[in-house]
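Spelled out, the chains give:
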Amino acid sequence: MNSFPSSAPQVVVITGASAGVGRATAHRFARAGWRIGLIARDRDALEAVKREVEELGGSAVVAAADVADADAIFAAADLVENTFGRIDVWINDAMVTVFSPVWDMTPAEFRRVTEVTYLGFVHGTMAALRHMRPFNQGKIIQIGSALAYRGIPLQSAYCGSKHAIRGFTDSLRTELIHNRSNISVTMMELPAVNTPQFDWARTHMPRQPRPVAPVVEPEVIARAVFDAVQHPRREYWIGLSTLKVILGNVVLPSFLDRYLAKVAFEAQETKAPVASDRRDNLMDPVHALHRTRGRFGNEAAEKAVVVAGPIARVAPIVLGGLFLFATGVLAAAAAGKVGRTRRSSARLGR
């Protein structure tokens, strides 16, 4: 097989690059001098990101495309390779959601969320593979969520899509391993992030949407993604809340059903009513709202713990085992002390 030339700066493609995590990620790679393919629906927003990338030391090409359109994504990938000569990294990030109980949503809304948030990742991954497999190298990053493991109320279509991405990625990974491929696939499981989605996501709720606390800034995710490209692992969990949600769902799923039913409705709404003229980006971009951060910066953290998934799974078992061992040692020592006291008392009694 061919191999990528090593002298030129590396090339990354980012879907959903016009706002939020995608835009922050483009900034992070630009600071390292990467060449970047920017994909999203809004060309004007992408042109603004391109200017930011160039100011930060990178270079970029814009490909305005809807990730739900497979042919458009394949053409965007071709444009990036024709411009920069290769694709080293592909990051799937584009998403849409609807805040609503299932019974208030339409089939068309479910279909649209699935086409963007799940099939958009499938299309992006297929495009990446077309350009990486001839060279037998490359890295694919799937921007997931703690909700890929644990569904919550009011975001059934989004949660279903994130679950689907995890299943799809697991299947793909096994196929690459079977073929002894050098292409790596990493899934990043995110906590709540302060992005503009809460200003432009469709909602059928009476009050404006908000992220479930605790919240982190998009730059936290961007740094984690950049580091994951340098050190690929099967999966990374970002934020203590992600660890709690995933591990808690393994141990106490029924408890979480009831807990989330009680708290997660109010936790996803502000006190402000939804404006009658609110626009959403489910079908078309909302041009005026493209930016990196949302409006919850007053509570968003600039740092978060990042743990490889296998370590996060094993650590509680190891710590639990050490706790039980230590408890056993202390219990044995206490029992021995009681036994010695009794024997001493018995000798004094004789």
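Up top you'll find the structure we're talking about.
Residues numbered from 1 in each chain as written. Predicted model: local features only at pLDDT ≥ 70, side-chain atom pairs only at ≥ 80, totals over all residues. Heavy atoms only, no water.

A word on the pairing of strand β3 (residues 59-64)
As defined by bridge partners, strand β2 (residues 35-40) adjoins β3 across 6 bridges and the pair is classed as parallel. Within β3, the residue paired with Leu38 across the bridge is Val62. Taken together, β2, helix α2 (residues 43-55) and β3 form a β-α-β motif whose crossover is right-handed. (Pairing = 2+ DSSP bridges. Helix = DSSP H or I, 4+ residues; strand = E, 2+ residues; numbered from the N terminus. Right-handed = clockwise from strand over helix to strand, strands pointing away.)

Re the pattern of salt bridges
One pass over the structure, following the stated rule, counts 15 salt bridges. One salt bridge connects Glu299 with Arg210, and the closest N-O pair in it is separated by 2.7 Å. Here the residue Glu299 occupies a position in the loop between β13 (269-273) and β14 (300-301), and Arg210 occupies one in the loop between β10 (207-209) and β11 (215-216), the gap between them amounting to 89 residues. On the accessibility criterion, Glu299 (33% relative accessible area) is partly exposed. For Arg210, a relative accessible area of 15% puts it in the buried group. Between Arg293 and Glu217 there is a salt bridge, with the nearest N and O atoms lying 3.2 Å from each other. Of this pair, Arg293 sits in the loop between β13 and β14 while Glu217 sits in the loop between β11 and α8 (218-230), and the two are 76 residues apart along the sequence. (Salt bridge = Lys/Arg side-chain N within 4 Å of Asp/Glu carboxyl O. Buried < 20%, exposed > 50% of the residue type's maximum accessible area, 1.4 Å probe, protein only.)

Side note on α2
Over its 13 residues, α2 extends 18 Å from the first C-alpha to the last, a length consistent with the 18 Å expected when each residue adds 1.5 Å. Turning to α2, its buried residues number three or more, namely Ala45, Leu46, Ala48, Val49 and Val53. Taken end-on, α2 shows its buried residues confined to a sector of 155°, consistent with a single buried face. Pointing more than 90 degrees away from the buried face of α2 are the exposed residues Asp44 and Glu55. Looking at the packing, one finds that the buried side of α2 touches α1 (20-31), β2 and β3. The N-cap residue of α2 is Asp42: its side-chain oxygen and the backbone nitrogen of Asp44 are 3.1 Å apart. (Expected span 1.5 Å × (residues − 1). Arc of directions from axis to C-beta. Contact = heavy atoms within 4.5 Å. Polar contact = N/O pair within 3.5 Å; in protein donor to acceptor, adjacent residues only side chain to side chain.)

Topic: the packing of aromatic side chains
Counted by the stated rule, this structure contains 7 aromatic pairs. Ring centres 4.8 Å apart and planes at 75° place the aromatic pair Phe29 and Trp34 in the edge-to-face group. Across the pair, Trp34 and Phe29 agree in class, each one buried. One aromatic cluster is present, built from ring pairs that chain together Phe29, Trp34 and Phe226. Sitting over the face of the ring of Phe74, Arg130 holds its NZ or CZ atom 3.8 Å from the ring centroid. A cation over a ring is seen here: Arg166 above Tyr149, with NZ or CZ 3.8 Å from the ring centre. (Phe/Tyr/Trp six-rings, centres within 6.5 Å; stacked < 30°, edge-to-face > 60°. Lys NZ or Arg CZ within 6 Å of the ring centre and 35° of its normal.)

Some remarks on a nonpolar patch on the surface
Together, Val250, Val251, Leu252, Phe255 and Tyr259 make up an exposed nonpolar region whose accessible area comes to about 530 Å². Of all the secondary-structure elements, those providing two or more residues to the nonpolar patch are α9 (240-251) and α10 (253-263). The class of Val250 is exposed, set by a relative accessible area of 65%. (Patch = residues over 30% accessible without salt bridge, like charges linked within 9 Å, V, L, I, M, F, W, Y side chains within 5 Å. Areas by Shrake-Rupley, 256 points an atom, 1.4 Å probe, with all protein chains shown as cover.)

Digging into the sheet that holds strand β8 (residues 192-193)
Strand order across the open sheet formed by 3 strands is β8-β11-β14, with parallel pairing between neighbours. At either margin of the open sheet sits one strand with a lone partner, and together these are β8 and β14. Where β8 and β11 come together, 2 bridges link them in parallel fashion. Directly across from Val193, in β11, lies its bridge partner Val216.

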